[in-house]
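Summary of structural features
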Amino acid sequence: KAHGIMGDDAVAEFERCVATLRTNPGPATRALLALREDARGLEVARDVLSRSRDDEARFHAVALFRDGALRRWAELAPGDRTGCADLALAFCAALPPDAPPFLAASAARCFAALWARSFADAASGPAAVSAARAAQAVECVLAAAAGRADAASRLLAALLDELGAGRTALGVSKARRAAAK
């Protein structure tokens, strides 16, 4: 039901749905999967990431955010595409060092997938643009990590893994990914 409401109500409904996964997984799973297909799923995920303190809800919101952004990539304005990667970066970098590993890893992979998708777009242009974009990514990660080696290493490792991976889970063709490397 979270896709019919927004803001704090959506966050509370999303948290209830995730909590229900433990006791009644069938309907809760169907609700979360339906939200992935809903155009407002991306907005719900943003709300959960910015307002919830429930680690399991944030874990599911990270997946919803990544999938929603990648699914809607073609219809997002360039600034919104960058904004998605920036939000994922800020969320991951702000996680405390003792954040649950499942949440920290998922958030880092979300950032890496969104950044790699935007990098693949830039890689279709001149090589100098790609090199500048790569340097910018490292600078942004280091700035967002604010001197925290745990956050910087997690984000950079996820980014390197995403760009070096043989899989194409992000909707980036192998040729475009090869150009991004």
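Report follows, based on the coordinates. Note on numbering: residues in each chain are counted from 1, in written sequence order. Owing to the predicted nature of the model, reporting of local features is limited to residues with pLDDT of at least 70; listing and counting of side-chain atom pairs is limited to 80 or more, with chain, interface and lining totals taken over all residues. To obtain the side-chain values, all non-hydrogen atoms of the structure were included, while hydrogens and water were left out.

**So, the packing of aromatic side chains**
Any Phe, Tyr or Trp ring, taking Trp's six-membered ring, that has another such ring centre within 6.5 Å forms a pair; planes under 30 degrees apart are called stacked, those over 60 apart edge-to-face, and the others tilted. On inspection of all chains with the given rule, the structure shows one aromatic pair. Between F59 and F102 the ring centres are 5.4 Å apart and the planes differ by 75°, which places this aromatic pair in the edge-to-face class. Of this pair, F59 sits in helix 4 (residues 55-71) while F102 is found in helix 6 (residues 101-123), placing the two residues 43 residues apart along the sequence. Partly exposed describes any residue whose relative accessible area lies between the buried limit of under 20% and the exposed limit of over 50%, with all areas from a 1.4 Å probe on protein chains only and scaled to the type maximum. Residue F59 is classed as partly exposed on the basis of its relative accessible area, which comes to 28%. Where helices and strands are cited, they refer to DSSP runs of H or I of at least four residues and of E of at least two residues respectively, numbered from the N terminus.

**Digging into the pattern of salt bridges**
Any carboxyl oxygen of Asp or Glu that lies within 4 Å of a side-chain nitrogen of Lys or Arg is treated as forming a salt bridge with it. For the structure on display, the rule yields 12 salt bridges. The shortest N-O distance in the salt bridge between D38 and R40 comes to 3.3 Å. Residue D38 is classed as buried on the basis of its relative accessible area, which comes to 17%. Residue D150 pairs with R154 through a salt bridge whose shortest N-O separation is 3.9 Å. Pair noted here: D150 and R154 are both in helix 8 (residues 149-164), with a separation of four residues, about one helical turn.

**A look at the packing of helix 2 (residues 25-37) against helix 4**
Every axis corresponds to a line fitted to the C-alpha atoms, with the helix fit spanning only the stretch in contact, and the corresponding angles, defined between N-to-C directions, vary from 0 to 180 degrees. Put simply, helix 2 and helix 4 touch, their axes get as near as 9 Å, and they point 30° apart. One element, helix 2, and the other, helix 4, form an angle in the roughly parallel class. Handedness of the crossing formed by helix 2 with helix 4: right-handed. Of the residues in helix 4, those touching helix 2 at L32, L35, R36 and E37 are H60, A63, L64, D67 and R71. Three classes are used, and their members are as follows: Ala, Val, Leu, Ile, Met, Phe, Trp, Tyr, Cys and Pro are nonpolar, Asp, Glu, Lys and Arg are charged, and the others, Gly among them, are polar. Classifying every residue of the contact of helix 2 with helix 4 by side-chain character gives four nonpolar, one polar and four charged. Comment on the angle field: the value is read as roughly parallel under 35 degrees, roughly antiparallel over 145, roughly perpendicular from 65 to 115, and oblique elsewhere. For any pair of crossing helices, the crossing counts as left-handed if the nearer helix is rotated counterclockwise from the farther one by less than a right angle, and right-handed if it is rotated clockwise. Here, residues are in contact when the closest pair of their heavy atoms is within 4.5 Å.

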